[in-house]
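# Report on the structure
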Amino acid sequence: MQRTILIVDDEESICKSLGNILLDEGYDILAANSGEEALKLLDEELPSLVLLDIWLPGIDGMEVLKTAKNLYPKLPLVMMSGHGTIETAVKATKLGAFDFIEKPLSLEKIILTVRHALEMSRLEEENLLLRQKINQDYELTGTSPPIMELKEMISIVAPTNAWILIMGENGTGKELVARAIHRQSKRADKPMIEVNCAAIPEELIESELFGHEKGAFTGATEKKRGKFDLAHEGTIFLDEVADMSLKAQAKILRILQEKKFERVGGNKVIQVDVRVLAATNKDLEKEMEEGRFRQDLFYRLNVIPLMVPPLRSRKEDIPLLMERFLADFALKEGEPKKILGEDALAILMEHSWPGNVRELKNFIERLAIMTPSIVISAHDIPPLPKEGHKVEPFRDPVQDYVSGSFREAKMDFEKSYLAKKLREFEGNISKTAESIGLERSNLHKKIKAYGLESKGE
Ligand SMILES: Nc1ncnc2c1ncn2[C@@H]1O[C@H](COP(=O)(O)OP(=O)(O)OP(=O)(O)O)[C@@H](O)[C@H]1O
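This is a predicted model, so every value here is computed, not measured. (Residues numbered from 1 in each chain as written. Predicted model: local features only at pLDDT ≥ 70, side-chain atom pairs only at ≥ 80, totals over all residues.)

So, on to the nonpolar core. Ile 166, Ile 236, Leu 238, Val 241, Leu 277 and Ala 278 are the most contacted members of the largest nonpolar core, which has 36 residues in total. Looking at this core, the elements that each hand over two or more residues are strand E6 (164-167), helix H7 (174-183), strand E7 (192-196), helix H8 (205-210), strand E10 (235-239), strand E13 (275-280) and helix H12 (295-301). When neighbours within four sequence positions are excluded, Ile 236 is seen to be in contact with Ile 193, Val 195, Lys 227, Phe 228, Ala 231, Val 274 and Val 276. Val 8, Leu 49, Ile 54 and Val 64 belong to the second largest nonpolar core, which has 30 residues in total. (Core = buried A, V, L, I, M, F, W, Y, C linked by C-beta atoms within 7 Å. Buried ≥ 20, exposed ≤ 12 C-beta atoms within 10 Å, placed from the backbone. Helix = DSSP H or I, 4+ residues; strand = E, 2+ residues; numbered from the N terminus. Contact = placed C-beta atoms within 7 Å.)

Right, here's the structure in full:
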């Protein structure tokens, strides 16, 4: 693409000689001899870069810089001055100038700076477009009440720095939720680093998370930064957090509490500022009860819980999701988008999708590949498994009680509530009783009645 450079200098001869050199380099050139003229040309011609003298009659270079940065924040401006002091250079940089070149001008330096500035601005533009594309890929599709509620919650909690535990069955979109939170947070410009906790071997956990120095162990052929280090000022996303060994959980807990660590084989303490998001498809209450998940880690991570609903509880989203997956697939393959016939849709709406959105997405991709015609009809759909749901890690309490009596439901709720509260206070009956506003003796009776005796008492 042809780039236009605006040269602003009150000395006609500088405009001319600079202009000729840059013209030879293949750029289009505009010139202005005053600040007023420069601002007018900026408005009319939208150049790609400005070379701007500081000393100008009327509106001076610094003022032009300020106004231009205000109106066109992405425009690179390179300041030039014959009486340059460090202070003016610092001031110009603070106002957003790309660079500062002293007069007499070195032609080599000018050419290099111009190339560098234009390359930077091209990369910034490209980066922006890529980010927009990625954000689209990570958009949470759906307009059902549970998804709207989830989106609303995300918009409330994302801008805070709160730690969030995202729960839900496999394939419901927990990772998308984590990305949405990061994107809507104040840390959006910094990285979100994902850690698949289930995939890291226990013996490598420290080196993965904290990094290592060269030669720290056999195979450590070079220094490596850890995930926490890479996520500094950004977000770390601990996926499958319940699939770590207890030993690994203890290690993670320590760093989450102290927010500092040492690289393996190093002795420098590294301090990090990270926001932690975690996700799991397991029922952590049960995992804790059965001793597979540390309570202290649970309380540390679960500052705000978010539940991603299974697809079967928001079937009205299925048509929209299908449309999106068909469109994404067509774009990826460079083929025309296929259309799902009414009869085909009716069959797919019937299915319970135990693998949730991931299963639906894979199924739609397969259908798009296998169906030769543009319209996908009922006879193109292979038989769907008629199974009941997989064992669900999360219960919907209301669903569970529709067949029982009110009394049973109330007792069951009371029992889980008390068990949870007792766990929170590590089995201490006095503290639990005080916290929930119940007489100690009364709590004792209930603990006995529900068989909730804790080991400590
Ligand atoms: N609401 C949604 N809109 C669009 N795509 C979605 C939505 N929910 C999930 N997906 C897609 O479904 C797939 C699974 O989503 P994701 O990986 O976020 O699920 P998950 O809950 O983290 O799964 P797992 O527990 O197995 O790690 C991804 O390809 C994702 O893009």
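It is worth spelling out the confidence of the model for the protein at this point. Low pLDDT means the predicted coordinates in that region are not meant to be read closely. Averaged over every residue, the pLDDT of the protein is 87; residues scoring 70 or more account for 94%. Predicted confidence is poor over residues 388-403, with pLDDT under 50, and the contacts of this stretch with residues over four places away or in other chains come to 13 contacts. Both confidence scores are given for the complex: pTM 0.64, ipTM 0.98. (pLDDT = per-residue confidence, 0-100.)

Okay, the site of the ligand next. Close contacts around the ligand come from 16 residues, with Thr 141, Gly 173, Lys 174, Glu 175 and Val 357 the closest. For the shell around the ligand, the secondary structure elements donating two or more residues are H7 and helix H15 (356-370). Partitioning the shell around the ligand into residue classes produces 4 nonpolar, 8 polar and 4 charged. Structurally, the shell around the ligand is a two-domain feature, drawing no fewer than three residues from each of domain 2 (145-307) and domain 3 (311-380). (Near = placed C-beta within 6 Å. Nonpolar A, V, L, I, M, F, W, Y, C, P; charged D, E, K, R; others polar. Domains from an automatic or database assignment.)

Cis peptide bonds are those with omega within 30 degrees of zero, and the linkage from Lys 103 to Pro 104 qualifies with 0°. Within the secondary structure layout, Pro 104 lies in the loop between strand E5 (99-102) and helix H5 (107-137). Despite not being glycine, Leu 46 shows a phi value in the positive range, around 45°. Positionally, Leu 46 belongs in the loop between helix H2 (35-45) and strand E3 (49-53). Using a count of 11 C-beta atoms within 10 Å as the deciding quantity, one classes Leu 46 as exposed. Backbone geometry at Glu 240 places phi at a positive 55°, although glycine is not the residue there.

Time to look at the sheet that holds strand E4 (residues 77-81). In any sheet, the strands associate via hydrogen bonds between backbone groups, in a parallel or an antiparallel arrangement. The strand order across the open sheet formed by 5 strands is E2-E1-E3-E4-E5, and the pairing between neighbours is parallel. In this open sheet, the two edge strands, each paired with only one partner strand, are strand E2 (28-32) and E5. Put simply, the sheet's adjacent strands are angled 20° from each other on average, direction ignored. Note: E4 against E5, 4 bridges, orientation parallel. Within E5, the residue paired with Met 79 across the bridge is Phe 100. Here helix H1 (residues 12-24) sits on the sheet in contact with strand E1 (4-8), E2 and E3, set at roughly 170° to E2. Against the sheet, helix H3 (residues 61-71) contacts E1, E3 and E4, and its axis sits at roughly 155° relative to E3. (Pairing = 2+ DSSP bridges. Axes fitted to C-alpha atoms, helices over the stretch in contact; angles between N-to-C directions.)

Side chains of E7 alternate between two faces, with Ile 193 and Val 195 buried and Met 192, Glu 194 and Asn 196 left unburied. Where E7 meets E10, 5 bridges bridge the pair, whose relative direction is parallel. Paired with Ile 193 across the bridge in E10 is Ile 236.

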